[in-house]
Structure formats: structure tokens, C-alpha cells
Amino acid sequence: MKTSAGERLESLQRKIIAPQESASFWTTLKQVVGFHWKWYCAHAWMLLGGSLLTAGIALLIIRPIESNFNDALRTTLPGEGWSNAAQFLSWSGEYSFLLFVFIGSLLLGRLFKNRRLFLVAHCLLASLLFSTLVTRTGKAAIGRLRPISAIEMQVPDQFIGPTMTPKYHSFPSGHTSASFSGATPLFLSHPILGTPVIAYATCVSLSRAYNRQHYLSDLIAGLWIGFACSLPALHLLRRDSIN
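Residues numbered from 1 in each chain as written. Predicted model: local features only at pLDDT ≥ 70, side-chain atom pairs only at ≥ 80, totals over all residues. Heavy atoms only, no water.

**Some points on the pattern of salt bridges**
Move 1: Applying the stated criterion to the full structure yields 5 salt bridges.
Move 2: Residue Asp157 pairs with Arg63 through a salt bridge whose shortest N-O separation is 2.7 Å. Placement of the pair is Asp157 in the loop between helix 8 (147-153) and helix 9 (174-189) and Arg63 in the loop between helix 3 (44-62) and helix 4 (69-76), with a sequence separation of 94 residues.
Move 3: Residue classification places Asp157 among the partly exposed residues on the basis of a relative accessible area of 23%.
Move 4: You can call Arg63 partly exposed: its relative accessible area is 30%.
Move 5: Here Glu66 ties to Arg144 by a salt bridge, and the two come within 2.8 Å at their closest N and O atoms. (Salt bridge = Lys/Arg side-chain N within 4 Å of Asp/Glu carboxyl O. Helix = DSSP H or I, 4+ residues; strand = E, 2+ residues; numbered from the N terminus. Buried < 20%, exposed > 50% of the residue type's maximum accessible area, 1.4 Å probe, protein only.)

**Focus on the packing of aromatic side chains**
Move 1: Counting across every chain of the model gives 8 aromatic pairs.
Move 2: Arranged with centres 6.3 Å apart and planes meeting at 15 degrees, the rings of Trp37 and Phe130 form a pair that is stacked. You can see Trp37 sitting in helix 2 (residues 25-42) and its partner Phe130 sitting in helix 7 (residues 115-142), a full 93 residues away along the chain.
Move 3: Here Phe130 falls in the buried class, since its relative accessible area comes to 11%.
Move 4: In this structure an aromatic cluster arises from ring pairing among Trp37, Trp39, Tyr40 and Phe130.
Move 5: It is Arg74 that lies over the ring of Tyr210; its NZ or CZ is 4.9 Å from the centre. (Phe/Tyr/Trp six-rings, centres within 6.5 Å; stacked < 30°, edge-to-face > 60°. Lys NZ or Arg CZ within 6 Å of the ring centre and 35° of its normal.)

**Observations concerning helix 11 (residues 216-229)**
Move 1: Taking 1.5 Å as the rise per residue, helix 11 with 14 residues should run 20 Å; its terminal C-alpha atoms sit 20 Å apart, in good agreement.
Move 2: Looking at helix 11, one finds that the buried residues are Ser217, Asp218, Leu219, Ala221, Gly222, Ile225, Gly226, Ala228 and Cys229. (Expected span 1.5 Å × (residues − 1).)

Now the structure itself:
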């Protein structure tokens, strides 16, 4: 008798959250990545609808009124100190910050013998993997000119379609999608630990606008991707808390 996609997803979920003393790091990671992929496939229409809605809001509502957002940030937070802080946040935000969260989750999990924190670390890697794939594909396919490049070239905001040229990789924001895809699993599992991590991810996102690498609509799209790619972790960690 054939099993449905939902039953296979449920079976894999039970397998992951069941105590497995002998399961290696890589075995669990493979299971978690597989669960994320099956969850995306099972909820493809919901994810597509959310993506289209977010893109519509970002490009049709936010884009027409966002032209002064980056300059407003720099006017509100002027000076070399804020500029240096934004540069540091931007540098740390895409992967260094997530490496810190990942290692911290593993170490705290070992220190306190907390299996959920180990699971959070695996979910972080899985969410980051898929958010990176989606974001990189979107950047290359859409081809939006970065704000700083538009200023240098003295041209308006524009989309040119598929391109591998980095200066046309503004939409969506990769730093935003990566930082939120990594921060969200920890926040969902341990809100007290996750709150400062989410706050840092927000600062990373805003630093990209401050540095004129992205528009506000790019940040909104990146935020949705990061959150959407973390939804399987929400289901996995919520089920783990019940058990």
C-alpha cells in the first residue's frame, strides 16, 4: 500500500525527533534537510502564494515610496561611528554571524545536554541552505540594479532580467534572507536566546540599506525568504516540544 506525501513527511518527522543516541551529526543533518525539502514540496502552493503576495507588496506598494529610505537612515544616524558599525554588521551578517549562532547552539546543547539545541543547529543549516539557493536564483533571474551602483551610474532604479553581474543583484537581499533563516529556528525554539539574535539579524538587514546595497523592498523580500525557509523548523521544533 502506497503512503501519501503527508504520511512520509510525518514518518520522517517522528524519526528525527525520536531520541537517537547513536545518530551522527551528518545523519541527523541529512534527515533534517530531507524533512525541509519534503515540507516545501507538500506546501508548495502556500509558499508560492506567500511569495507572490510578498513580491507584490514589495514591488507595487513599497517600491514607489521607498526612494528616500536609505538616505533617511543615513541622515538619522550620521557620522563615521554609525558608518563603521553598518560596515561591520554588513560584513558579519551573511555567514560569520550565523556561524556564531550555529556553534553556540551546538556548545550550549552539549553543555546543558539539550537535544533541542542540537536540532536547532541542524535546522539552521537546512534553512540557510534553501534560503541561499532561493535568494541566489532570484538575484540572478531578476537583475535589479543596486542603489549604490545606480548613484554611481546616475541612472534610476531598474531591472534588466537574468544576469550574473553582482551590481544587478539587489533583489532580494541575501544578507537579510540568510540572517533571518538562521536566527528564526533559534527564536522559535528558545525565545529568550533567540530575541537578541533576531534583533541582530534586523540590524544586519538595515545595515544593507544604510550602505546603499539594497532598497527597502529588497529587505522585505529577503525577510520573507528567510522566514519561509524556516517554516519546516517551526513544525519540527514544535513537535519536538510536545514530545
